[in-house]
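Structural overview for review
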Amino acid sequence: MELDALDLALLRELQNDARQTNRDLATKTGVSPSTSLERVRLLRERGVITGYHAALDLDAAGRPVQALISVRIRPPARPVIEGFREWVARLPEVIGLFVTSGTHDFLLHIAVPGVDGVYAFVIDRLTERREVADVQTTMAYEHVQSRCIEPTGPDRPRFSRRAR
């Protein structure tokens, strides 16, 4: 799927402020409002734009303490991995989840009210699961997240995700 300069400009502007009006978006990208509207519609239909959301400040939301938790699962079988992934993704403390290679199978990003919440999550939630063989916790002092992701251009290599 090729993205041209206008697509990239629209995506950059929407990532900076998805609540702006179509008229403002068109002005910032130098096109007519009808062109802007149609191109954004096409980006949604093609699956480039998957949704819009509100970004929360974790401190203001009462979850200022963050941790990264590596989890090793045994036995390393697809049904066990998938079952754990589905279960852990539903936990309210989990704000990010990676299925990984290497020593551990998962990297969980959690946000909780305090350090006691990290301990309770590991001891009361994770280690009670039969398939959890090992857990390593790293406290996060700060989380800096990119708010604007630049799609790759036509001359850059693309990697496709394996279909599930």
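To keep things clear, this report deals only with the structure shown in the data block. (Residues numbered from 1 in each chain as written. Predicted model: local features only at pLDDT ≥ 70, side-chain atom pairs only at ≥ 80, totals over all residues. Heavy atoms only, no water.)

Quick word on the overall build of the chain
- Within the chain one finds five helices and four strands.
- Along the chain, from the amino end to the carboxyl end, the secondary structure elements read α-α-α-β-α-β-β-α-β.
- At 20 Å, the chain has a C-alpha radius of gyration far larger than the 15 Å of a compact globule built from 164 residues.
- With the C-alpha coordinates of the chain rotated into their principal frame, the extents come out at 55 × 35 × 25 Å.
- Expressed as a percentage of the 164 residues in the chain, the buried residues total 30%.
- Intrachain contacts of the chain at a sequence separation of at least 6 include 66% that bridge at least 24 residues.
- Of the roughly 11,200 Å² that the chain leaves accessible, carbon and sulfur atoms contribute 52%.
- Distance between charge centres in the chain, computed from 23 positive and 22 negative side chains, equals 5 Å. (Helix = DSSP H or I, 4+ residues; strand = E, 2+ residues; numbered from the N terminus. Rg over C-alpha atoms; globule rule 2.2 N^0.38 Å. Buried < 20%, exposed > 50% of the residue type's maximum accessible area, 1.4 Å probe, protein only. Contact = heavy atoms within 4.5 Å. Areas by Shrake-Rupley, 256 points an atom, 1.4 Å probe, with all protein chains shown as cover. Lys, Arg positive; Asp, Glu negative; His and termini not counted. Charge placed at Lys NZ, Arg CZ, Asp CG, Glu CD.)

Details of the pattern of salt bridges
- Across all of its chains, the model carries nine salt bridges by this definition.
- A salt bridge links R78 to E82, with the nearest nitrogen and oxygen atoms 3.5 Å apart. Of this pair, R78 and E82 both sit in helix α4 (residues 78-89), four residues apart, which is roughly one turn of the helix.
- Between R125 and E93 there is a salt bridge whose closest N-O contact spans 3.2 Å. Placement of R125 in helix α5 (residues 115-126) and of E93 in the loop between α4 and β2 (94-99) is noted, with a sequence separation of 32 residues between them.
- Here R125 falls in the partly exposed class, since its relative accessible area comes to 28%.
- Under the relative-accessibility criterion, E93 is labelled buried at 16%.
- Taken together, the shared-partner salt bridges connect D4, D7 and R39 into one network. (Salt bridge = Lys/Arg side-chain N within 4 Å of Asp/Glu carboxyl O.)

Quick notes on the layout of surface pockets
- For the second largest pocket, the calculated volume is near 570 Å³.
- What lines the second largest pocket is a set of 19 residues, among which L56, L58, I95, H143 and Q145 lie closest to the centre.
- Grouping the amino acids of the lining of the second largest pocket by side-chain chemistry returns nine nonpolar, five polar and five charged. (1 Å grid on protein atoms, 1.4 Å probe; cavity = no way out; pocket = protein on both sides within 12 Å on 5 of 7 lines; lining within 4 Å. Points joined across faces, edges and corners; volume = space filled by probe spheres on them. Nonpolar A, V, L, I, M, F, W, Y, C, P; charged D, E, K, R; others polar.)

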